[in-house]
Amino acid sequence: MTPPLSIRTIVLKTHRAVQSNRLLSVCRRILLFFLGSFLFFFLLNVFFPLRVDIEYSTIVTAKDGTVLKAYLTSDEKWRMYTELEEITPEMQHAIIYKEDKYFYHHPGINPVSIARAFVNNIISGKRTSGASTITMQVARLLQPKDRTYGNKLIEMFRALQLDMLYSKEEILQMYLNLVPYGGNIEGVKAASVIYLEKTPSVLSLAELTALSIIPNRPTTLRPGVNNDVIIAERNKWLNRFKADGVFDDEIIDDALHEAFNAFRTEGPDIAPHFCNRMKQQYPGEAIIKTNLNAEVQMQSEKLVQDYVKQLWGLDIHNGAAIVIDNHTHRIISYVGSADFGNTFDAGQVDGVRAVRSPGSTLKPLLYAVAFDEGLITPQSIVSDVPVNFSGYSPENYDEDYHGDVNIEYALSHSLNVPAVKVLNEAGLNLFTGKLTECNFESIESHKKDLGLSVVLGGCGVTLEELAGLYAAFANKGSYAHIKWLQKDADTVSQEIISPSAAFMITEILTQLTRPDLPNFYQHAKNVPLVAWKTGTSYGRKDAWSVGYNDNYTIGVWVGNFSGKGVPELSGANVATPLMFNLFNAIDHTTNKDWNTMPEAIDFRYVCSVSGKLPADFCNNVALDYFIPGISPNETCDHLVNMKVSENEKISYCTSCVPETGYKEKYYAHYSPEILAWMQMKNIPVTKIPEHNPDCERIFADGAPAITSPVNNLEYYIDKLDKQKMMLSANVSHDVQTLFWYVNDKLVSRSTPASPVFIDPQEGKLKISCSDDKGRNTNIEVEVIFF
Ligand SMILES: [Zn+2]
Ligand SMILES: [Zn+2]
């Protein structure tokens with residue numbers, strides 16, 4: 001019996017209602033489940049927040065990204081930070097294809113593969129791996145745990161958190177930074193640098209495929225140990241890439257044939273002094289990106305090492321070098337010692353930063369300052385004769401004096417007396433002030449203790465400071481701080497000397513006729529086109545040579561870190577050849593005219609005897625640079641016109657010249673000190689005849705200058721030894737006789753050339769010297785017996 005139609009309809013309707021009610025309830029349950037899960041996740045997320053705290057090895061990189069040196073982490077791991085740009089698209093493709101094809105599409109976990117793995121595990125009855133996304137692997141690498149179902153859940157939770165907090169790129173980067181490569185090597189960058197000696201960004205497809213498979217079996221796939229196994233495994237994957245069209249067939253075919261010559265190295269160790277310094281200077285940075293030029297650095301390290309080895313026979317064991325790019329103020333090479341690993345010769349000492357005596361290397365700055373002060377020009381004459389500055393008597397390197405010389409000669413021959421004289425005139429404070437502006441630290445901190453000897457090396461400088469100063473010469477007189485890091489902002493240059501002064505100094509320092517051209521280079525055409533200055537410190541402990549052209553400044557120091565002096569050591573013969581070698585190796589400029597004349601400078605003829613503007617009687621002239629409005633403008637007085645008796649025995653002044661019976665004659669005009677020196681050297685001097693004895697005029701100019709003893713000094717005299725005190729003076733060239741007085745009592749009558757010796761009494765002494773023209777000079781000294 002069939003139910004009535006109406007009943008059937010009701011039943012059907014009821015059935016449909018039940019069905020739709022069920023659907024609703026299922027939907028509601030699913031919704032509730034997801035809502036509950038989300039709520040649960042967010043609650044967990046609040047109570048168990050993700051902390052990512054990865055310590056990376058500090059690495060110092062060169063301008064091109066080359067890793068110069070890496071440092072172990074505190075847990076003794078090589079874990080180097082891979083930057084996003086180092087992860088090439090090829091590497092991304094290979095890793096994602098291998099590890100997690102849906103990496104970009106899932107929220108950290110892949111529900112499909114989890115479900116599949118779950119089913120597989122139930123069917124097979126054992127726990128198989130799989131279903132781990134890259135994100136889950138990162139979670140495991142961040143917090144390693146045993147492989148249990150519980151821990152798998154935690155990993156999934158952490159993976160969701162990671163996906164929420166980081167971009168896909170950052171998660172991939174973390175993965176590449178943490179994957180194990182066996183031993184203490186972690187991450188693709190450390191593996192790449194230590195096994196293949198290159199950065200990840202330049203890996204070939206074959207290399208990056210090899211590196212992508214090692215983490216799966218880091219103990220059995222050991223580069224250098226199981227390279228054949230790695231190649232076989234690599235090729236398996238390359239063929240899979242090919243089958244799935246991940247890369248072009250041609251590229252894969254090439255990769256299949258590529259050798260794999262990886263082996264474990266000690267890690268890069270380029271520019272160790274520099275890297276140690278950078279690590280100390282910029283603590284806490286994973287990657288210290290410097291401006292060093294890796295290629296130039298390796299070249300110069302080798303040059304310094306090879307060069308210093310040749311000097312071992314002379315008992316010279318170390319050297320340091322620094323190369324500055326003049327245009328960018330970047331250090332492109334930094335060699336702290338000949339061999340960092342040589343502990344016997346203190347190879348760890350950083351010769352670039354060691355404070356040493358600069359010898360003569362500060363002289364160019366002094367003359368440049370004096371050019372700007374209007375005191376001198378390159379052809380100005382200065383007398384190189386014995387002088388005494390309140391007890392300080394500088395001597396030349398060759399222990400000889402050269403009489404009147406021009407500044408150009410004084411600088412190129414590195415004479416000491418002219419430098420001290422010019423410094424005395426320019427002012428010590430002005431000079432040390434300039435050095436302070438150029439960041440000479442030791443000079444700044446010892447400013448109060450420095451004397452005129454500072455220009456001869458009586459102070460402490462570093463190779464870095466010196467090179468910085470010379471780079472200012474190359475930059476037309478403007479000094480700029482060194483830019484260590486790529487991220488350093490452009491430094492503001494500060495004018496230390498004018499472009500004109502820098503030009504004149506460079507002109508002098510580029511000349512080749514000079515005593516400090518190394519012997520070997522006398523006839524060689526391989527002298528680089530550079531300006532340079534050498535220096536040798538007192539006791540022959542430090543040899544310096546600093547050179548520059550418009551591109552680079554190269555500073556070189558050679559010596560022993562022990563401070564041992566060596567007779568053969570000199571800036572010219574020991575440091576300059578290395579500086580030249582470095583220039584020839586790294587700079588191939590052939591521009592001879594890089595030192596261009598600034599507009600503010602001009603040239604003119606000067607008398608070559610006096611360096612002053614020529615007078616009518618000047619027969620020899622020389623071309624000289626000068627700064628109009630600043631440089632001295634005096635007219636030459638190298639000759640003096642005198643009225644003398646017919647027999648040239650008596651000279652007259654305007655007040656005593658007779659009306660007839662005299663003639664006019666030119667006599668050389670010597671300063672008292674140069675006259676004294678000429679007499680000492682037995683150089684014949686045509687003296688101006690004795691002044692008319694009947695003349696009643698009193699001469700004010702040209703009084704004797706007492707050279708010994710020195711005014712206002714205390715003299716300690718050994719009474720038992722019967723030490724005598726020497727009286728000497730420089731006098732005008734018309735003087736025949738000198739009269740010496742002690743406490744106003746005449747003690748001696750002498751000729752100017754012969755010094756007088758007295759037995760002084762104790763206490764304050766007034767010492768007077770009068771000449772035969774009635775000119776007188778007094779000084780005071782104190783004699784103390786002991
Ligand atoms: Zn003249
Ligand atoms: Zn007279």
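Look up: the structure comes first, before these words.
Report follows, based on the coordinates. Remember, predicted model here, so these are calculated numbers, not experimental data.

## Considerations on the overall build of the protein
The helix and strand tally for the protein stands at 21 helices and 28 strands. Its C-alpha radius of gyration of 42 Å places the protein more than 25% over the 28 Å reference for a compact globule of 786 residues. For the protein, the spread of C-alpha atoms along the three principal axes comes to 175 × 60 × 55 Å. Within the protein, counting contacts between residues at least 6 apart in sequence, those at least 24 apart form 67% of the total. Surface exposure of the protein reaches about 38700 Å², of which carbon and sulfur atoms provide 53%. Charged side chains in the protein number 72 positive and 91 negative. The centres of these two groups are separated by 13 Å.

## Some remarks on helix α15 (residues 416-426)
Burial analysis of α15 places 9 of its 11 residues in the buried class, which makes it a mostly covered element. For α15, the complete set of buried residues consists of Asn416, Val417, Pro418, Ala419, Val420, Lys421, Val422, Leu423 and Ala426. In this fold, the buried residues of α15 make contact with α13 (363-372), β8 (381-384), β9 (403-406), α14 (407-412), α16 (428-437) and α21 (672-680).

## Quick word on the sheet that holds strand β19 (residues 662-668)
Across the sheet, which stays open at both edges, the 4 strands sit in the order β19-β17-β18-β20 with mixed pairing between neighbours. The open sheet terminates on both sides in strands that have one partner only, identified here as β19 and β20 (690-691). Pairing geometry for strand β17 (residues 639-645) and β19, over 7 bridges, is antiparallel. Across the sheet, the residue bridging to serine 645 is tyrosine 662, located in β19.

## Let's talk about the coordination of the zinc ion (ligand 1)
On the protein side, the zinc ion (ligand 1) has Cys607 (SG), Cys618 (SG), Cys636 (SG) and His638 (ND1) as donor atoms, found 2.1 to 2.2 Å from it. Coordination at the zinc ion (ligand 1) is tetrahedral, judged from the 4 donor atoms that bind it and the angles of 98 to 118° they form at the metal. Within one chain, the residues serving as donors to the zinc ion (ligand 1) are arranged as C-x10-C-x17-C-x1-H. In this pair, cysteine 618 sits in the loop between β15 (602-607) and β16 (621-626) while histidine 638 sits in the loop between β16 and β17, placing the two residues 20 residues apart along the sequence. Note on accessibility: cysteine 618 and histidine 638 belong to one class, buried.

## Considering the pattern of salt bridges
Note that side chains of opposite charge can pair when their charged atoms are close. Using the criterion set out here, one finds 30 salt bridges in the structure. Among the salt bridges present, the one from arginine 79 reaches glutamate 186, with a minimum N-O distance of 2.8 Å. A residue pair is termed long-range when its members are at least 10 positions apart, and arginine 79 in strand β3 (residues 78-79) and glutamate 186 in strand β4 (residues 185-186) qualify at 107 residues. Side by side, arginine 79 and glutamate 186 carry an identical accessibility label, which is buried. In this structure, the salt-bridge partner of glutamate 99 is lysine 98, at a minimum N-O distance of 2.9 Å. Lysine 98 matches glutamate 99 in its accessibility class, with the two residues each being buried. Bridged by salt links that share partners, the residues Asp75, Lys77, Arg79 and Glu186 form one connected network.

About the thresholds
Residues numbered from 1 in each chain as written. Chains lettered and ligands numbered in written order. Predicted model: local features only at pLDDT ≥ 70, side-chain atom pairs only at ≥ 80, totals over all residues. Heavy atoms only, no water. Helix = DSSP H or I, 4+ residues; strand = E, 2+ residues; numbered from the N terminus. Rg over C-alpha atoms; globule rule 2.2 N^0.38 Å. Contact = heavy atoms within 4.5 Å. Areas by Shrake-Rupley, 256 points an atom, 1.4 Å probe, with all protein chains shown as cover. Lys, Arg positive; Asp, Glu negative; His and termini not counted. Charge placed at Lys NZ, Arg CZ, Asp CG, Glu CD. Buried < 20%, exposed > 50% of the residue type's maximum accessible area, 1.4 Å probe, protein only. Pairing = 2+ DSSP bridges. Donors = N, O, S within 2.8 Å, 3.2 Å for Na, K, Ca; no water. Tetrahedral: all angles 85-135°; square planar, octahedral: opposite > 155°, others 65-115°. Salt bridge = Lys/Arg side-chain N within 4 Å of Asp/Glu carboxyl O.

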